[in-house]
Amino acid sequence: MSGTIRVPGDKSISHRSLILASLATGESRIRGILDSEDVRATAGVLRSLGAAIPPLAGEMRVKGAGIRGLRPPRTALECANSGTTTRLLAGVVAAHPFSARFEGDASLSRRPMMRVAEPLTYMGAKFDFENGDGLPMTVHGVDLRSIDWDTHASSAQVKSAILLAGLVAGVEVRVTEKSPSRDHTERMLRAMGADVENDGNQVCLRPLRGLSAIEIDVPADPSSAAFFVALASLAADGELVLTDVCLNPTRTGFLDAMVRMGAKIEKISSANSGGEEIGSLRVAAARLRSARITEAEVPSLIDELPLLACTAAGAGVELEITGAAELRVKESDRISVVVQNLRAVGANAEELPDGLRVHASRRELSGTIDPRGDHRIAMAFGILSATTGNRINVSNPECVAVSYPRFWEDLRRVVA
C-alpha cells in the first residue's frame, strides 16, 4: 500500500460555499467544490429559489442575489438524500416572505426535522409536516425575531440553520451547544464580513447589511481522508500521503482517536485559507490498540464512527463507543447497521443504546455486507475489505456517490 491521494473537496464547506455565495452581494469564486449527489442537491434547491448557480466544476463563479434576494420556488425543493441541504436551507427560507415544500428520498424522509423547526418556529416561522417530523415539510417564511437558543445537544446543522435565519432576517441570534460542533458556517461568515463571535460553546451573529463576495478554495474533506488514514494504519506495510486536508479542530477527532490507538500520523505541511487550516498528512502502517470513545469526543468524529468500528475489527482490538445516539438518525441507523454487518463478516460486535462495542478478535473477516444505501458504511467496509486476509463484498457500492464518487477507483490505485 503506497501513494499520494487528494480526496475530494470537503462536503460541509461545499454546501456552505454555495449557500453563502448565493446570499452575498457580488460574484464569488469557488474552486475545488465537491461534485457529489449531496452537493448537487444543494445546488438544485438554490436554483429553484432563483440563485444563479452554474453547473458544478473545478472552478466556478456564483453571482449572489443578496441576503434577501431569493425568490419563491415554482415546485417543491428536492433535497434527495441530503440532510444538510434540508436543514440549512430551511433556515434561509424561514426568513424569506414565501413558503416552500421540502422533499427527499425515503432515507431522508425518515430523518428528524423538528430539531430545526423548533427554534425557527420560536423565531416566528411556521412549519407543516405530513409525515411525523420528517419530510415532506413545508416552511412558511416571515420576518423573524431574534433568538437566544440552547440546543441541549451539539449539531452544526441546527446551529447553522439558526445563524442563516438570523443572517437573512437581519436580527441577532445566539446559539448555545452542549459542546462545540463543527464551525465552518461561522468561519465562512466571518471571512465574508459578518460579525460572528465564538465563545466556548456559544456563538453569536449580529445583524449586517450584506455579505461580501469571497474566493473560496475548498480543502480536501477530512471525513473522506479518514478512510485512507484507516487503510494505511491497518496495512501490513507502506505509507500514504494525503494532501490539502481540512484540519479544522472541530473535524480532527478521528485523527486524535487514531493516534491514541497507536496510529502513525505526521503532519508534513500546513497553511490557512478562508479561515480554515489545511495540511498534508503522512500515514504509515501501525500496530493499533484498544480504545474508548465517550460523549465529549463524539461531535468531532460523528461521521467517522462507523469507520472507527471497522478499523477496530480489522485490527482485532477492543473499541467501545458511548454517547453517540445521534448515529441512529443518520442516513441509516448506523449503530444497528454497522453491528449487523460486522457480525455478518465474522467480527464480534454488539449494540449499546447510545453506541456499540467491538470485542478483540483476531481472525480473517469474510462475507457480504449491506450498507443500506449509506455511503459512509459502504466505504468503511470497503477499507476493511482491502486489508490483508479479508474477503468482504459490499453490495450497492455505488451509494458512495453521495460524498465520494471516485472512492473505489482511489482505493484500487493505492492498494497493491
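Residues numbered from 1 in each chain as written. Predicted model: local features only at pLDDT ≥ 70, side-chain atom pairs only at ≥ 80, totals over all residues. Heavy atoms only, no water.

Draft legend 1. Layout of the packing of aromatic side chains. For the structure shown, the criterion picks out seven aromatic pairs. Summarising the aromatic geometry, the rings of Tyr404 and Phe407 are spaced 5.5 Å apart at their centres and angled 70 degrees between planes, so their arrangement reads as edge-to-face. Classification of Tyr404 by relative accessible area gives buried; the value is 0%. Considering the side-chain rings of Phe407 and Trp408, the 4.9 Å spacing of their centres and the 75 degrees angle between planes classify their relative orientation as edge-to-face. Residue Phe407 is classed as buried on the basis of its relative accessible area, which comes to 0%. Among the aromatic side chains, those forming a connected cluster through ring pairs are Phe227, Phe228, Tyr404, Phe407 and Trp408. Here the basic side chain of Arg145 rests over the ring of Tyr122, its NZ or CZ set 5.8 Å away from the ring centre. (Phe/Tyr/Trp six-rings, centres within 6.5 Å; stacked < 30°, edge-to-face > 60°. Buried < 20%, exposed > 50% of the residue type's maximum accessible area, 1.4 Å probe, protein only. Lys NZ or Arg CZ within 6 Å of the ring centre and 35° of its normal.)

Draft legend 2. Structural view of the environment of Ile383. Take Ile383: it is sitting in helix α12 (residues 375-386). With relative accessibility at 1%, the residue Ile383 sits in the buried group. Put simply, Ile383 and Gly314 are 69 residues apart on the chain and 9.2 Å apart in space, counted from C-alpha to C-alpha. When sequence neighbours within four positions are dropped, the list of residues in contact with Ile383 reads Phe227, Ala230, Leu231, Leu307, Phe407 and Leu411. (Helix = DSSP H or I, 4+ residues; strand = E, 2+ residues; numbered from the N terminus. Contact = heavy atoms within 4.5 Å.)

Draft legend 3. Examining the nonpolar core more closely. Judged by nonpolar contacts, the single largest core of 73 residues is most densely connected at Phe228, Phe254, Leu305, Leu308 and Leu342. For this core, the leading source of residues is helix α8 (residues 222-234), giving nine residues. The residues touching Leu308, leaving out its near neighbours within four places in the chain, are Phe254, Ala257, Met258, Met261, Ile293, Leu301 and Leu319. Among the nonpolar cores identified, the runner-up in size contains 72 residues, and Ala100, Met137, Val168 and Ala194 belong to it. (Core = buried A, V, L, I, M, F, W, Y, C linked by side-chain atoms within 4.5 Å.)

Draft legend 4. A look at the pattern of salt bridges. If you walk through the whole model with that rule in mind, you get 40 salt bridges. Of the charged contacts in the structure, one is a salt bridge between Glu197 and Arg206, with a shortest N-O distance of 2.9 Å. Between Asp410 and Arg406 there is a salt bridge whose closest N-O contact spans 2.9 Å. Overall, the relative accessible area of 3% leaves Asp410 in the buried class. (Salt bridge = Lys/Arg side-chain N within 4 Å of Asp/Glu carboxyl O.)

Draft legend 5. Fine view of the layout of surface pockets. The space that makes up the largest pocket amounts to roughly 870 Å³. Around the largest pocket, the lining is made up of 45 residues, and of these Ser154, Ser155, Ala156, Glu326 and Lys330 lie nearest the centre. Only α1 (11-23), α3 (83-94), α5 (114-122), β9 (147-150), α6 (156-169) and α12 provide two or more residues apiece to the lining of the largest pocket. Per-class residue counts for the lining of the largest pocket are 11 nonpolar, 15 polar and 19 charged. Lining the second largest pocket are 19 residues, with Leu234, Gly314, Ala315, Gly316 and Arg362 sitting closest to its centre. Those elements that provide at least two residues to the lining of the second largest pocket are α8 and α10 (305-315). When residues of the lining of the second largest pocket are assigned to their parent elements, the largest contribution, three residues, is made by α10. Among the residues forming the lining of the second largest pocket, the class breakdown is eight nonpolar, seven polar and four charged. (1 Å grid on protein atoms, 1.4 Å probe; cavity = no way out; pocket = protein on both sides within 12 Å on 5 of 7 lines; lining within 4 Å. Points joined across faces, edges and corners; volume = space filled by probe spheres on them. Nonpolar A, V, L, I, M, F, W, Y, C, P; charged D, E, K, R; others polar.)

Draft legend 6. Examining the pairing of strand β11 (residues 196-199) more closely. Note that β11 and strand β12 (residues 202-205) share four bridges and pair antiparallel. Its bridge partner lying in β12, Asn198 is registered against Val203. (Pairing = 2+ DSSP bridges.)

Draft legend 7. Region of interest: unusual backbone geometry. Note the cis peptide between Leu135 and Pro136, where omega equals 0 degrees. Following the sequence through the fold, Pro136 ends up in strand β8 (residues 134-140). With a phi angle near 55 degrees, Ala80 is a residue other than glycine that sits in the positive phi range. The topology assignment puts Ala80 in the loop between β5 (77-78) and α3. Looking at Ala80, the relative accessible area reads 28%, which means it is partly exposed. One non-glycine residue, Arg372, adopts positive backbone phi at about 55 degrees. Among the secondary structure elements, Arg372 is positioned in the loop between β22 (366-369) and α12.

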